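Observations on the model geometry
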Amino acid sequence: MKYISTRNKTSKALTSAEAILQGLADDGGLLVPESIPKVKPKDIAALVNMRYEDRAVEILKLFLTDYTTDELKECAELAYDWFDIHDRTRLAIISNKPADAKKIEANKNNVRAILELWHGPTSAFKDMALQMLPQLMRVALKKTGESHNILILVATSGDTGKAALAGFADVPQTKIMVFYPDGGVSKIQRLQMVTQHGKNVNVTALKGNFDDCQNGVKKIFNDEEIAKKLESANVKLSSANSINWGRLVPQIVYYFSAYADLIDNEEINNGDLVNITVPTGNFGNILAAYYAKRMGLPVNKLICASNINNILTDFFNTGVYDRNRSFFKTITPSMDILISSNLERLLYHETGDPSYIKDLMDKLNTTGKYEISADLKKKLSKLFYADYAGENETKETIGHMLKDMNYLIDTHTAVAMSVANKYIQSTKDTKPMIIASTASAYKFAPAVLTAIGEDISKLDEFAQLDKLNKISNVAIPQGLAGLKTAEVLHTDVCESAEMAERVLTFAKK
Ligand SMILES: *Cc1c(COP(=O)(O)O)cnc(C)c1O
C-alpha cells in the first residue's frame with residue numbers, strides 16, 4: 001500500500017512509514033492511501049473474540065503493509081497499556097426505549113450504543129490516536145534508516161498538548177516540547193501538562209495567547225537558520241497534528257471494535273446496518289468512520305454533529321464550504337473549528353481527482369470559500385447526514401441523560417447525542433446507533449456541572465470533580481484524580497522572542 005497526495009497525481013508515492021514521518025505531502029496536500037482495503041464479513045466475525053490490541057493489529061496491517069505483524073503487535077501493546085483497566089473502549093448501551101419512544105416505533109433495533117473513547121491516560125479520545133502515533137513513528141524511524149532524533153513541537157490550547165506528551169514520553173529517538181499560553185488554559189489542563197513524566201519532554205508556558213503559541217511554532221518550522229542549527233545537533237522537527245496518517249489510521253480500529261462488541265453483546269447480527277454519529281471538529285474522527293464504511297463495515301449513515309460553529313452542517317446541506325463567518329467560543333471547545341482539514345481526504349476519495357481538489361483548496365485559501373459540484377454533493381448526501389446542536393440543547397441533553405438515563409456525558413458527547421436524536425426523529429430510522437463519546441465528563445466538569453444546574457462559584461477544580469462524583473456515582477478517572485498530589489516538574493516560562501532559543505536548548509539536551 002502506497003500513499004499519495006490529494007492534490008497531485010504525479011507526486012512520489014510513499015510507504016506508510018515515510019508518510020507517517022513526513023506528515024504532509026510535499027505539495028501541501030494530505031497523504032492518502034492509493035486504495036481502500038476491503039474487509040469481509042468473516043474478517044469482522046473473527047474480531048469478536050479478540051482483545052482491542054489484536055483487533056488493532058488486524059485493521060492496521062491492511063494499511064501499514066510495510067510494517068511486520070510483530071512490529072504492529074508491539075506497537076499496539078505499548079500504545080494501549082493503560083492503568084489496570086480491562087477495556088480500551090467500552091460500549092454503554094443506554095436504552096432501547098429512548099424518552100421519545102412514543103414518537104418513533106420502539107423495537108429491538110432501536111439501540112443506542114455510546115462508544116466511550118476516553119478511558120486512556122488523558123481522559124479524551126485523542127489518546128486513542130496519540131498513544132499509537134509515537135509507536136508507529138518509532139518503528140518508522142528504524143525502517144527508513146532515519147538517524148536524526150525527532151523533536152515534536154506542539155502549540156496547544158489545552159488538550160492536545162497533554163495527549164501528545166503522554167504518547168511521546170520516553171519513546172526512543174523522539175523528544176517532545178509543548179508550548180501553552182500562560183494563564184490561558186484551565187488549572188486542570190495546566191496540571192496535566194506540568195506534571196508529565198519522561199526524560200524527553202519539555203513543557204513551557206508562553207507569555208501570550210494560543211495564537212502566539214501557534215504562530216511561534218509555525219515560524220520555527222519555517223526557519224532555515226534554525227533547521228541548520230538543529231541539524232548540527234542531529235535533530236529534525238516534526239508535528240503530531242491530526243492530518244498525519246499515523247493519527248488517523250488508529251481511529252478506524254475502534255469503529256470495527258464497536259461493531260464487534262455489538263455482535264458480542266447480541267445487540268446485532270453480523271451484517272446488520274448501523275448508523276454512526278460523531279461530534280466533529282477537524283473531521284478526523286468521522287473520516288475514520290468513513291474509511292471503515294468504505295472497507296466494508298456495514299454502516300448506513302455517517303452523522304456529522306457540529307456545535308454552533310456549524311460550517312460542516314452548511315457544507316453538507318448546501319455544497320458550499322464558507323469560512324467567512326463569525327466564530328463562537330462554546331462549551332465544546334474541541335469543536336470550535338472553522339477549517340476542518342481532514343475534509344480534503346473525503347473529497348479526494350469521492351472524486352479521485354487531485355486537480356479538482358487542488359482547485360477547491362486554492363479557492364479556500366484565497367477566498368475562504370468553495371462550492372462542490374452537484375454530482376459530488378449528491379454522493380456525499382447518500383453517505384452523510386449533518387446537523388448541529390445549540391448551546392442550550394447541549395446542556396439540556398446532559399441533564400436529560402443524567403436524570404432519565406442515569407448516564408453522565410460530557411459536552412461534546414452531548415452535541416452528538418442531540419444530533420443523533422434529531423436524525424432519528426426526522427428520518428424515523430431506528431437502526432442501531434453508535435455514538436462516539438469523545439471525552440470524560442470530568443474533563444469538562446465546570447460546563448457539565450453548570451449544565452445540570454449546579455452552582456460552582458464556590459468550588460475549586462478538585463471540589464468540582466468531587467461534586468460531579470457525588471452526583472453521578474461515576475469514578476473520577478485515575479489520571480485526573482492523581483493531579484491533586486502529583487509533583488510539578490515543569491516551570492519554564494518564556495516570551496515569544498525566546499521560543500526559538502528554548503527549542504534549540506532543549507534539542508541539544
Ligand atoms: C478533538 C475532539 C473532537 C473533534 O474531533 P475531530 O477528529 O477533530 O473531528 C471532539 N471532541 C473532543 C472531546 C475532542 O477532543
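Relevant structure appears above.
These numbers come from a predicted model, not from an experiment. (Residues numbered from 1 in each chain as written. Predicted model: local features only at pLDDT ≥ 70, side-chain atom pairs only at ≥ 80, totals over all residues. Heavy atoms only, no water.)

1. Some thoughts on the overall build of the protein
Basically, it comes down to this: Comment: elements are numbered from the N terminus, with helices defined as DSSP H or I runs of at least four residues and strands as E runs of at least two. Categorising residues by exposure relies on relative accessible area from a 1.4 Å probe, with only protein chains included: less than 20% of the type maximum marks a residue as buried, more than 50% marks it as exposed, and the intermediate range marks it as partly exposed. We call two residues in contact whenever any of their non-hydrogen atoms come within 4.5 Å of each other.
Looking only at helices and strands, one finds 22 helices and 15 strands in the protein. In terms of principal-axis extent, the alpha carbons of the protein reach across some 70 × 60 × 50 Å. Relative to its 509 residues, the protein shows a buried fraction of 57%. For the protein, restricting intrachain contacts to residue pairs at least 6 apart in sequence, the fraction spanning at least 24 positions comes to 76%.

2. Considering the layout of surface pockets
Just so we agree on the cut-off: The definitions used throughout rest on a 1 Å grid laid over the protein atoms alone, on which a cavity is an enclosed set of points accommodating a 1.4 Å probe that cannot get out and a pocket is an open set flanked by protein within 12 Å on both sides along at least five of seven lines; lining residues are those having an atom within 4 Å of a point. Grid points are joined across faces, edges and corners, and a volume is the space filled by probe spheres set on the points. Each residue is assigned to one class: nonpolar for Ala, Val, Leu, Ile, Met, Phe, Trp, Tyr, Cys and Pro, charged for Asp, Glu, Lys and Arg, and polar for all the others, Gly among them.
Of the volumes computed, that of the second largest pocket is approximately 520 Å³. Lining the second largest pocket are 23 residues, with P121, Q131, A166, A169 and Q196 positioned closest to its centre. For the lining of the second largest pocket, the elements supplying multiple residues, two or more each, are α4 (69–79), α6 (133–144), α7 (159–168) and α21 (478–481). Here the residues of the lining of the second largest pocket are counted per class, giving ten nonpolar, nine polar and four charged.

3. As for the sheet that holds strand β6 (residues 174–181)
Defined as follows: Here, a strand pair is defined by DSSP locating no fewer than two bridges between the strands. With axes taken as lines fitted to C-alpha atoms, and helix axes fitted only over the stretch in contact, angles between N-to-C directions fall between 0 and 180 degrees.
Spatially, β8-β5-β6-β7-β15 is the arrangement adopted by the five strands of the open sheet, whose pairing is parallel. Both outer strands of the open sheet, β8 (235–238) and β15 (492–494), are each paired with one neighbouring strand and no more. This sheet shows a mean twist of 30 degrees between the axes of neighbouring strands, independent of strand direction. With six bridges connecting them, strand β5 (residues 149–155) and β6 associate as parallel partners. Note on β6: the bridge partner recorded for L151 is K175. Where α7 meets the sheet, its contacts fall on β5, β6 and β7 (201–206), and the angle it forms with β6 comes to roughly 165 degrees. Here helix α9 (residues 210–221) sits on the sheet and contacts β5, β6, β7 and β8; the angle it forms with β5, its principal contact strand, is near 150 degrees.

4. Quick notes on the packing of helix α14 (residues 343–351) against helix α16 (residues 374–383)
Note the threshold: In these notes the angle categories are as follows: under 35 degrees is roughly parallel, over 145 is roughly antiparallel, 65 to 115 is roughly perpendicular, and the rest is oblique.
Running from amino to carboxyl end, α14 crosses α16 at an angle of 110 degrees, the nearest separation of the two axes being 11 Å. The angle between α14 and α16 falls in the class roughly perpendicular. In this structure, α14 contributes L346, L347, E350 and T351 to the contact, and α16 contributes L376, K379, L380 and L383. Residues that form the contact of α14 with α16 fall into these classes: five nonpolar, one polar and two charged.

5. Section: the packing of helix α3 (residues 52–63) against α4
The test is simple: Crossings are sorted by hand: turned counterclockwise from the far helix by less than a right angle, the near helix makes the crossing left-handed, and turned clockwise it makes it right-handed.
Packing of α3 against α4 leaves a shortest axis separation of 9 Å and a crossing angle of 135 degrees. One way to sum up the angle between α3 and α4 is to call them oblique. Between α3 and α4 lies a crossing whose hand is right-handed. Across the interface between the two elements, E53, D54, A56, V57, L60 and K61 of α3 pack against T69, L72, K73, A76 and E77 of α4. Residue composition of the contact of α3 with α4, by class: five nonpolar, one polar and five charged.

6. Thoughts on the site of the ligand
The following threshold applies: Neighbouring residues are identified by heavy atoms, a residue being near a molecule or strand if any of them is within 4 Å of it. Polar contact criterion, stated in full: a pair of N or O atoms within 3.5 Å, where within protein one must be able to donate a hydrogen and the other to accept it, and residues adjacent in sequence count only if both atoms are side-chain atoms. Residue-level accessible areas treat just the shown protein chains as cover; the underlying method is Shrake-Rupley with a 1.4 Å probe.
Taken together, 13 residues surround the ligand, and among them K126, G281, N282, N285 and T438 come closest. A distance of 2.7 Å separates an oxygen atom of the ligand from a polar atom in the backbone of G281. In the model, a nitrogen atom of the ligand is placed 2.8 Å from a nitrogen or oxygen of the T438 side chain. Protein burial of the ligand: of its 390 Å² of free accessible surface, 95% is covered by the chains. Taken together, the residues of the shell around the ligand break down into four nonpolar, eight polar and one charged.

7. Notes on empty space enclosed by the protein
As enumerated under the stated definition, the model contains one cavity of 30 Å³ or more in all. Reported here for the largest cavity is a volume of approximately 40 Å³. Lining the largest cavity, in full, are T280, G281, S306, N309, I311, L312, M335, I337 and S340. The residue inventory of the lining of the largest cavity, partitioned by class, reads four nonpolar, five polar and no charged.

8. Here we look at the side chain of D159
Relative to the helices and strands, D159 is located in helix α7. Of the polar contacts made by the side chain of D159, one reaches the side chain of K443; its length is 3.0 Å.

9. Regarding the pairing of strand β9 (residues 274–279)
Applicable threshold: Handedness of a crossover is defined as follows: orient the strands so they point away from the viewer, and if the path from the first strand over the helix to the second runs clockwise, the crossover is right-handed.
Taking burial as the measure, the six residues of β9 include six buried ones, the bulk of the element. Where burial is concerned, the two faces of β9 agree: the one with V274, I276 and V278 and the one with N275, T277 and P279 are both buried. Judged from the five bridges that link them, β9 and strand β10 (residues 299–306) form a sheet pairing that is parallel. Bridged to I276 within β10 is L302. Running through helix α12 (residues 284–295), the crossover from β9 to the neighbouring parallel element β10 is right-handed. Bridge count between β9 and strand β14 (residues 433–437): three bridges; the pairing is parallel. Across the sheet, I276 pairs through a bridge with I434, a residue of β14.

10. Here's the deal with unusual backbone geometry
Although it is not a glycine, S123 sits at a positive phi angle of roughly 65 degrees. Assignment of secondary structure puts S123 in the loop between β4 (112–116) and α5 (126–130). Unusually for a residue other than glycine, N234 sits at a positive phi of about 60 degrees. Tracing the sequence through the fold places N234 in the loop between α10 (224–232) and β8. Here N234 falls in the partly exposed class, since its relative accessible area comes to 31%.

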